[in-house]
Number of protein chains: 2
Amino acid sequence: MREIIRAEYSGFCFGVDRAVKEAFTVRKTKGRTFTLGPLIHNKDVTDKLEDSGVSTISEGEIGRLEKDDTVIIRTHGVTRAVYDGLKAMGVDIIDLTCPYVINIQKKVSEYHDKGYQIVILGDGNHPEVVGINGWCDNSAYITPTGEVDIPLKRKVCVVSQTTEKQRNWLNLIMNIAKTSKEFVAFNTICKATEERQKSAEELSKEVDAMLVIGGKSSSNTKKLYELCRANCEKTYMVENAQELAGMINNFDGAVRVGVTAGASTPEWIIKEAVGLL
Amino acid sequence: MREIIRAEYSGFCFGVDRAVKEAFTVRKTKGRTFTLGPLIHNKDVTDKLEDSGVSTISEGEIGRLEKDDTVIIRTHGVTRAVYDGLKAMGVDIIDLTCPYVINIQKKVSEYHDKGYQIVILGDGNHPEVVGINGWCDNSAYITPTGEVDIPLKRKVCVVSQTTEKQRNWLNLIMNIAKTSKEFVAFNTICKATEERQKSAEELSKEVDAMLVIGGKSSSNTKKLYELCRANCEKTYMVENAQELAGMINNFDGAVRVGVTAGASTPEWIIKEAVGLL
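Keep in mind that this is a model prediction, so the values were computed, not measured. (Residues numbered from 1 in each chain as written. Chains lettered and ligands numbered in written order. Predicted model: local features only at pLDDT ≥ 70, side-chain atom pairs only at ≥ 80, totals over all residues. Heavy atoms only, no water.)

Looking only at helices and strands, chain A features 10 helices and 12 strands. Computed over C-alpha atoms, the radius of gyration of chain A comes to 20 Å, within 12% of the 19 Å expected from 2.2 N^0.38 for 277 residues, which places it in the range of a compact globule. Dimensions of chain A along its principal axes, counting C-alpha atoms only, are 60 × 55 × 25 Å. Taken across its 277 residues, chain A has 54% of its residues classed as buried. A separation of at least 24 residues holds for 70% of the contacts in chain A among residues at least 6 apart in sequence. For chain A, the accessible surface area stands at approximately 12,500 Å², while carbon and sulfur atoms represent 49% of it. Distance between charge centres in chain A, computed from 36 positive and 38 negative side chains, equals 4 Å. (Helix = DSSP H or I, 4+ residues; strand = E, 2+ residues; numbered from the N terminus. Rg over C-alpha atoms; globule rule 2.2 N^0.38 Å. Buried < 20%, exposed > 50% of the residue type's maximum accessible area, 1.4 Å probe, protein only. Contact = heavy atoms within 4.5 Å. Areas by Shrake-Rupley, 256 points an atom, 1.4 Å probe, with all protein chains shown as cover. Lys, Arg positive; Asp, Glu negative; His and termini not counted. Charge placed at Lys NZ, Arg CZ, Asp CG, Glu CD.)

Dropping the structure here:
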């Protein structure tokens, strides 16, 4: 008999939950509605949203918008330039940027204006980090691991992508402290991420196999995978039940199976996948 | 033939040099002149100062001062309460607080007013630390090693005694970063201390014996001793030539002897001691 144990914290966080709910209930009074980039890193959700009449445009396509259109800014947020550009165009903006990300953008803008060198722990290609960097004139030094290989200014302001690992944060702070005489550190790894990572990590120590459910381009899902894989060799990452079906035999012989899911994985996708185990 | 190598940086720092020079040149137009606590941690110097008519009083004796008296505040600085008390009494104040220490007092006062928890790396009994703590209503958490054994407030401001060791600073920052979501760190270990410690530490690796010259109650001299002792078993700390004379045979057989001295050790004391080697 197989025992399936769901991590204490997994799946949608507050910001994503709010964004998905609001995006599906947008009532267009006039014009069309778009999300700027995929609403979340989950194709099943964005396909459903498309069916409901909300399609995705890229930042490069902003010029094609018309005055009566509605644009949804996703949880990751956007650069100041994009935000100001949309305002200047007069389109309706529904800003679903996660409040925790807005807080980071504000700090970065404030300390950049005060002359601090901004350092971001995160993935420089991730839209959240691209957005944050856009609030300090794209001047931030971005490090994915906490290693610092350039000389920094005398005064440094350090922030983190919300979904970063605590150990990378500590590595970065140590490297900053070794060279910087004055720095201000905002540990902006969000509580939901910490709880999700911690409960997945602990669970992965106690099971025979571990299933991590989340979008292929979801940064936080990949980190969950890495954390679990360090403790449990039989850790597998899938996007949905369909993908799990194609490799279900990997779980043969596993009596205790742990399950976790990224911040952008809806509950129905988790349930469908767990049903196959 | 014995080779005596003086550390690249040793002896008086800028703040102490300035304070000693000014204390010896105070011209009393009226009343008496006192230093509040010994001017520096060096009995030879304070004895000379006493001979020149400048004696030492303790903070407990402030009440005995008269309006025409002059009071010298030493490099370590004083609490806000003592400073304001002296001003209210109307005595002449010659403030020789090291400018680097004044900078720490200002930061501590500013961030305490903003609601931050102040953390000081240093010796809670050292007058510099007692003084700094007096600029945040004596509310600071003081740690001599960087270990933190109480829960801190959400926002933390970290400073250091000017003569602390860099490794203790890094230890403290790591401990703060593990629990605090927001902190501002001012590495207020002064450059003179860093240079003095670094050059003593390096020299101690290359010599047969090491002489550390400084006052018995000098915190920074003790740290020099500890750093050198870790590399060189034959490390000895003396206050002056007289004390060295009594244990000079410890240096028997040492061909290369390194010499360093604390921030409050005058050049003539170093020269006198080195003359015996």
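Attention now goes to the interface of chain B and chain A. The partner chain A presents 17 residues to the 17 residues of chain B that form the contact. Counting the surface lost from both chain B and chain A, the interface buries some 1,500 Å², and carbon and sulfur atoms represent 55% of this. The largest contributions to the chain B side of the interface with chain A come from Leu170, Lys181 and Phe183 of chain B, which together make up 34% of the buried area. In this structure, the connection of chain B to chain A is made through 2 salt bridges. The salt bridge involving Glu194 of chain A is made with Lys181 of chain B; its shortest N-O contact spans 3.1 Å. Where chain B touches chain A, the interface holds 8 residue pairs in polar contact (both at pLDDT 80 or more). Elements with a contribution of two residues or more to the side of chain B that touches chain A: α6 (166–179) and β9 (182–186) of chain B. A total of 7 residues in the side of chain B that touches chain A trace back to one element, the largest contributor, which is α6 of chain B. For strand β9 (residues 182–186) of chain A and β9 of chain B, the ladder comprises 5 bridges, and the chain directions are antiparallel. (Buried area = accessible area lost by both parts, 1.4 Å probe. Salt bridge = Lys/Arg side-chain N within 4 Å of Asp/Glu carboxyl O. Polar contact = N/O pair within 3.5 Å; in protein donor to acceptor, adjacent residues only side chain to side chain. Pairing = 2+ DSSP bridges.)

Let us look at unusual backbone geometry. Most peptide bonds take the trans configuration, and most residues that are not glycine carry a negative phi. At Asn138 of chain A, a residue that is not glycine, the phi angle is positive and equals roughly 55 degrees. By relative accessible area, Asn138 of chain A is classed as exposed at 52%. Residues other than glycine seldom take positive phi values, yet Asp137 of chain B does so here, at roughly 55 degrees. Among the structural elements, Asp137 of chain B can be located in the loop between α5 (127–133) and β7 (141–143).

Moving on, we come to the relation of the copies chain B and chain A. Rotating chain B by 180 degrees and translating it 0.0 Å along the rotation axis places it on chain A, where the RMSD comes to 0.0 Å. With respect to symmetry, the two chain copies, as superposed, fit the operation of a two-fold axis. In terms of proximity to the rotation axis, the leading residue of chain B is Val184 of chain B, whose C-alpha is 2.1 Å off the axis. Mapped onto chain A, 100% of the interface residues of chain B are again interface residues, and the two copies thus contact each other with one and the same surface. (Least-squares fit on C-alpha atoms with pLDDT ≥ 70 in both.)

Residues and elements named next belong to chain B. Structurally, the position occupied by Arg74 is in the loop between β4 (70–73) and α3 (80–89). In this structure Arg74 is buried but unpaired, with Glu59 as the nearest side chain of opposite charge at 5.8 Å. Sequence-distant contacts of Arg74, defined by excluding residues within four places in its chain, comprise Leu36, Gly37, Pro38, Leu39, Leu96, Thr97 and Pro127.

Bringing the pattern of salt bridges into the picture now. Residues and elements named next belong to chain A. Applying the stated criterion across every chain, the model contains 32 salt bridges over all chains. Put simply, Lys114 and Glu110 hold a salt bridge, and the shortest N to O gap is 3.1 Å. The partner of Arg154 in a salt bridge is Glu182, with the nearest N and O atoms 3.3 Å apart. With Arg154 in the loop between β7 (141–143) and β8 (155–160) and Glu182 in strand β9, the pair connects residues that are 28 residues apart, well separated along the chain. Looking at Arg154, the relative accessible area reads 56%, which means it is exposed.

Residues and elements named next belong to chain A. Here, UniProt's "binding site: (2E)-4-hydroxy-3-methylbut-2-enyl diphosphate" (unreviewed entry) annotation points to His41, His76, His126, Thr162, Ser218, Ser219, Asn220 and Ser264. Checked against the element boundaries, Thr162 lands in the loop between β8 and α6 (166–179). Among all residues touching Thr162, those that are not within four sequence positions of it are Tyr100, Val101, Ile104, Glu128, Thr188, Ile189, Cys190 and Thr193. Looking at where Ser264 falls in the secondary structure, it is placed in the loop between β12 (256–261) and α10 (267–274). (UniProt positions renumbered as here; feature names shortened; annotations may be inferred.)

Time to look at the sheet that holds strand β5 (residues 92–95) of chain A. Backbone-to-backbone hydrogen bonds pair the strands of a sheet. The strands run either parallel or antiparallel. All names here are of chain A. With parallel pairing, the 4 strands of this open sheet are ordered in space as β3-β2-β4-β5. Each edge of the open sheet carries a strand with a single partner, namely β3 (54–57) and β5. Strand-to-strand, the axes of this sheet are offset by a mean angle of 30 degrees, without reference to chain direction. In the packing of helix α3 (residues 80–89) onto the sheet, contacts are made with β2 (33–36), β4 (70–73) and β5, and the angle to β5 comes to roughly 145 degrees. (Axes fitted to C-alpha atoms, helices over the stretch in contact; angles between N-to-C directions.)

Residue and element names in this part refer to chain A. It is the contact of helix α7 (residues 191–204) with helix α8 (residues 219–231), at a shortest axis distance of 8 Å, that shows an interaxial angle of 30 degrees. With respect to their mutual orientation, α7 and α8 come out roughly parallel. Handedness of the crossing formed by α7 with α8: right-handed. Where α7 abuts α8, its residues Arg196, Gln197, Ala200, Glu201 and Ser204 lie against Asn220, Lys223, Leu224, Leu227, Cys228 and Asn231. Among the residues forming the contact of α7 with α8, the class breakdown is 4 nonpolar, 4 polar and 3 charged. (Parallel < 35°, antiparallel > 145°, perpendicular 65-115°, else oblique. Left-handed = near helix turned anticlockwise from the far one by under 90°. Nonpolar A, V, L, I, M, F, W, Y, C, P; charged D, E, K, R; others polar.)

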